[in-house]
There are 2 protein chains.
Amino acid sequence: MNYLGIDLGGTNLKGAVITEEGEIIREASRPTHAERGADSVANAIGELICTLAAGERIGGVGIGCPGTVDNASGEVVYANNLNWVHYPLREKLRERTGFAVELVNDANAAALGEVLAGAAKGAHSAVILTLGTGVGGGVVIDGKLLTGYTGAASELGHMVIAENGERCSCGRRGCFETYASGAALTRMTEKAMAQHPDSSMHELAKRYDGVDGRVAFEAQKAGDAAGDAVVKQYIRFLALGVANLVNIFFPEVIALSGGVAEQGEHLLAPLREEVSRMEYGAAYTAKHPKIVSCTLGYRAGMTGAALLAKNKNGTA
Amino acid sequence: MNYLGIDLGGTNLKGAVITEEGEIIREASRPTHAERGADSVANAIGELICTLAAGERIGGVGIGCPGTVDNASGEVVYANNLNWVHYPLREKLRERTGFAVELVNDANAAALGEVLAGAAKGAHSAVILTLGTGVGGGVVIDGKLLTGYTGAASELGHMVIAENGERCSCGRRGCFETYASGAALTRMTEKAMAQHPDSSMHELAKRYDGVDGRVAFEAQKAGDAAGDAVVKQYIRFLALGVANLVNIFFPEVIALSGGVAEQGEHLLAPLREEVSRMEYGAAYTAKHPKIVSCTLGYRAGMTGAALLAKNKNGTA
């Protein structure tokens, strides 16, 4: 039996037919056209489902959605980038396709995909962190997503690591997200560039058509002192939050995704060193979390959504 | 069938015969005499088990131990207040009693007790925080303790909330424990007393034979401005960490124990108000964690240990 996974994004809808083992057989995508309204987006999702399902025996459909979802009621509770509030997506898709879809937050879907079929395959437990505009992620323990009493995604980015620190878009101050997102790295880079007009970061930013998360890393690799300082500062903040999550969950794997994670060992090696010094009781155990990069890329969300549909009891 | 729960403390050994529902039928205690060495303590535990088990049909024995335990191997890996390193407690007790005991960290045992039979009975998920010398605790989801890949307890007190903040005994800086433990409240109180020689806290400290967690709260109740400021500052720190745990776990219940929790609504009411402002996405859900006091007191650990023995698959 195969399963359908859909990744509902603000810009594009992506979908795939996926095996029980998480392998992608066929995929397709459409523009979301969120500006046309929720019912129109539901039509597009329904059409994508029917197209992908044609000629297949489909055991279930899972949809990774941005924002807060309530899988019990079948609603997208709140998704600011779609401008949806309490939208009954399951009911709308049942009318259009006959499938009773499973809903899951998109970051959680991606986390589940990486644990069941990607970077943390086979792990007892894993924390997946996405370092993008914000810091998103998910926690999977014994194959089950941690979603809590409210059904909300674990909001790992909204853990305060710096009391009275920088203002976060969520209203708190000092959230992990304000220090460890890709956007935070860009802000740190811009600040260092303003202080160091001779840094090679200026040249790199021109080459990349603007400042992004790569600039400081590339400058560091070229021996630039200001770039090196930015990267070290960024990794120190990232390590603080990762170490907090280690001490809370003691997971087998911590896997990073998002643009910054593309730095691979340039990010991971110093991060592991910082985190190992902050791991509680590290001296007394031989088991330590492995810190790695995610492997499924944009397919993680579709894969996780499909595998969630496979195992409808896949949340805890 | 009944179960035996043992709470191995640095000073006293406590044990009880407990029903499947978590009710205590009979209890007993002994001094631990840790200074006599691990084998001598194991003898005392064995004797306590045999005494309590006499004439009963016992389905299993659970032991809440300080420090890091490895229930897979049956060892107390490290317990600094007993001075034990890699002590094979299960094997020692099997020789003495015939029972293959289940080992669990003491704070986790207490958390499990509160969730299965106390303040969070019937809850989907709960975070239990003990505000004592440190900040200990446990997380229970769907009736299972969160223990992680290493089998270690969740070390909720060793989550940094203040980057580059006060030094913690674990080696990091700014841990939740250094701001929200009972000991932290005492330190804040002492500091405020030094700055405010006219505060009624001085008189209260004499009455209590020293500064402890009650002084600032009692001063606040009597209208003392300096005491009020200490309590507000303490609750603000406590709320930061509690809100982090809410955003990570979205549990149904957060329950507090330890001396500070005896303040009841004087602590809980302002804490709820602070936390509610920091709860991620609170505006879009009707479900919010309940913040309450624990109800089992010193019996929580024995109860949880016994119920863990009842459900040997009780960890996740």
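Keep in mind that what you see is a predicted model, and the values were worked out from it rather than measured. (Residues numbered from 1 in each chain as written. Chains lettered and ligands numbered in written order. Predicted model: local features only at pLDDT ≥ 70, side-chain atom pairs only at ≥ 80, totals over all residues. Heavy atoms only, no water.)

Considering the overall build of chain A
The number of helices and strands found in chain A is ten helices and 13 strands. What you see for chain A is a C-alpha radius of gyration of 20 Å, in line with the 20 Å of a compact globule of 316 residues. Once the C-alpha set of chain A is aligned to its principal axes, its extents read approximately 60 × 50 × 35 Å. Expressed as a percentage of its 316 residues, the buried residues of chain A come to 56%. Across chain A, every contact between residues at least 6 apart in sequence was considered, and the portion connecting residues at least 24 apart equals 61%. Accessible area for chain A stands at about 12300 Å²; split by element, carbon and sulfur atoms hold 47% of it. Mean positive and mean negative side-chain charge positions of chain A (29 and 35 charges, respectively) differ by 2 Å. (Helix = DSSP H or I, 4+ residues; strand = E, 2+ residues; numbered from the N terminus. Rg over C-alpha atoms; globule rule 2.2 N^0.38 Å. Buried < 20%, exposed > 50% of the residue type's maximum accessible area, 1.4 Å probe, protein only. Contact = heavy atoms within 4.5 Å. Areas by Shrake-Rupley, 256 points an atom, 1.4 Å probe, with all protein chains shown as cover. Lys, Arg positive; Asp, Glu negative; His and termini not counted. Charge placed at Lys NZ, Arg CZ, Asp CG, Glu CD.)

A word on unusual backbone geometry
With a phi close to 65°, Asp209 of chain A is a non-glycine residue in the positive phi region. In this structure, Asp209 of chain A sits in the loop between helix H6 (201–207) and helix H7 (214–221). Accessibility expressed as a relative area gives 76% for Asp209 of chain A, which makes it exposed. Non-glycine residue His86 of chain B carries a positive phi angle of around 50°. Locating His86 of chain B in the fold gives a position in strand E7 (residues 84–87).

Quick word on the pattern of salt bridges
Residues and elements named next belong to chain B. Counted according to the given criterion, the structure contains 24 salt bridges over all chains. We note a salt bridge from Lys221 to Glu218, for which the minimum N-O separation is 2.8 Å. Of this pair, Lys221 and Glu218 both sit in helix H7 (residues 214–221), three residues apart, which is roughly one turn of that helix. Using a relative accessible area of 25% as the deciding quantity, one classes Glu218 as partly exposed. (Salt bridge = Lys/Arg side-chain N within 4 Å of Asp/Glu carboxyl O.)

With respect to the environment of Ala225 of chain B
Structurally, the position occupied by Ala225 of chain B is in helix H8 (residues 225–249). Along the chain, Ala225 of chain B and His196 of chain B lie 29 residues apart, while their C-alpha atoms are 9.6 Å from each other.

Digging into the relation of the copies chain A and chain B
The second copy of the chain is related to the first by a rotation about an axis and a shift along the axis. Superposing chain A onto chain B takes a rotation of 180° combined with a translation of 0.0 Å along the rotation axis, leaving an RMSD of 0.0 Å. Expressed as a symmetry operation, the mapping of one chain copy onto the other fits a two-fold axis. Comparing interface residues between copies, 100% of those in chain A also lie at the interface in chain B; the contact surface is shared. (Least-squares fit on C-alpha atoms with pLDDT ≥ 70 in both.)

Here we look at the nonpolar core
The biggest cluster of nonpolar side chains holds 112 residues, and the ones touching the most others in it are Leu238, Phe249 and Leu256 of chain A together with Leu238, Phe249 and Leu256 of chain B. For Phe249 of chain A, the contacting residues outside a window of four places in its chain are Val127, Val139, Ile141 and Leu146 of chain A together with Leu146, Gly148, Tyr149, Ile248 and Phe249 of chain B. With 29 residues, the next largest nonpolar core counts Ile45, Val61, Leu82 and Leu93 of chain B among its residues. (Core = buried A, V, L, I, M, F, W, Y, C linked by side-chain atoms within 4.5 Å.)

Some details on the sheet that holds strand E11 (residues 144–145) of chain B
Residue and element names in this part refer to chain B. Read across the open sheet, the five strands follow the order E11-E10-E9-E12-E13; overall the sheet is mixed. Only two strands of the sheet have a single partner each, and these edge strands are E11 and strand E13 (290–293). Looking at chain direction, strand E12 (residues 253–257) and E13 are connected through four bridges and run parallel. Bridge pairing links Val253 to Lys290 in E13. Across the face of the sheet, H8 comes into contact with strand E9 (125–131), strand E10 (135–141), E12 and E13 while running at roughly 155° to E9. (Pairing = 2+ DSSP bridges. Axes fitted to C-alpha atoms, helices over the stretch in contact; angles between N-to-C directions.)

Digging into the pairing of strand E10 (residues 135–141) of chain A
Residues and elements named next belong to chain A. With six of seven residues buried, E10 is to be regarded as a mostly interior element. In terms of strand pairing, strand E9 (residues 125–131) meets E10 through seven bridges, oriented antiparallel. In the sheet register, Thr130 faces E10, and the bridge partner there is Gly136. Between the antiparallel neighbours E9 and E10 lie three residues. Pairing of E10 with strand E11 (residues 144–145) involves two bridges; the strand directions are antiparallel. Bridged to Ile141 within E11 is Lys144. With antiparallel pairing between neighbouring strands as the criterion, E10 and E11 make up a hairpin whose turn holds two residues, including Asp142 at a positive phi of roughly 55°.

Let's talk about the sheet that holds strand E1 (residues 2–8) of chain B
Residue and element names in this part refer to chain B. Ordered by their spatial adjacency, five strands build an open sheet running E3-E2-E1-E4-E8, and the pairing between neighbours is mixed. For this open sheet the edge positions go to strand E3 (24–31) and strand E8 (102–105), each flanked by a neighbour on one side alone. Strand after strand, the sheet turns through a mean of 20° between neighbouring axes, direction not considered. Across four bridges, the pairing between strand E4 (residues 58–65) and E8 is parallel.

Examining empty space enclosed by the protein
Here the structure, examined in full by the defined rule, presents one cavity of 30 Å³ or more. Quantified by volume, the largest cavity comes out at close to 80 Å³. In terms of lining, the largest cavity is formed by Thr68, Thr150, Ala152, Ala153 and Glu155 of chain A together with Phe250, Glu279, Tyr280, Gly281 and Thr285 of chain B. When its residues are assigned to classes, the lining of the largest cavity shows four nonpolar, four polar and two charged. (1 Å grid on protein atoms, 1.4 Å probe; cavity = no way out; pocket = protein on both sides within 12 Å on 5 of 7 lines; lining within 4 Å. Points joined across faces, edges and corners; volume = space filled by probe spheres on them. Nonpolar A, V, L, I, M, F, W, Y, C, P; charged D, E, K, R; others polar.)

As for the interface of chain A and chain B
Think of interface size as the accessible area that goes away when the parts come together; that is how it is often given. Listed as interface residues are 43 residues of chain A and, on the opposing side, 44 residues of chain B. Summed over both sides, the interface of chain A with chain B buries roughly 4100 Å², with 65% coming from carbon and sulfur. Where chain A touches chain B, the interface holds two salt bridges. The shortest N-O distance in the salt bridge between Arg236 of chain B and Glu163 of chain A comes to 2.9 Å. Between chain A and chain B we count 18 residue pairs in polar contact (both at pLDDT 80 or more) in total. Elements with a minimum of two residues in the side of chain A that touches chain B: strand E6 (75–79) and helix H8 (225–249) of chain A. (Buried area = accessible area lost by both parts, 1.4 Å probe. Polar contact = N/O pair within 3.5 Å; in protein donor to acceptor, adjacent residues only side chain to side chain.)

Some details on the packing of helix H3 (residues 106–117) of chain A against helix H10 (residues 299–310) of chain A
All names here are of chain A. For the pair H3 and H10, interaxial distance at closest approach is 6 Å and the crossing angle is 80°. When the axis of H3 is compared with that of H10, the two are roughly perpendicular. When H3 is examined against H10, the residues Ala109, Ala110, Leu112, Gly113, Glu114, Leu116 and Ala117 are found in contact with a partner set consisting of Ala300, Gly301, Thr303, Gly304, Ala305, Leu307 and Leu308. The residue makeup of the contact of H3 with H10, split by class, is nine nonpolar, four polar and one charged. (Parallel < 35°, antiparallel > 145°, perpendicular 65-115°, else oblique.)

With respect to helix H9 (residues 265–278) of chain B
Residue and element names in this part refer to chain B. A rise of 1.5 Å per residue sets the reference length of H9, with its 14 residues, at 20 Å; its end C-alpha atoms lie 20 Å apart and thus fit the reference within 8%. Leu267, Leu268, Leu271, Val275 and Met278 are the residues of H9 that are buried. Close packing links the buried residues of H9 with H7, H8, E12 and E13. (Expected span 1.5 Å × (residues − 1).)

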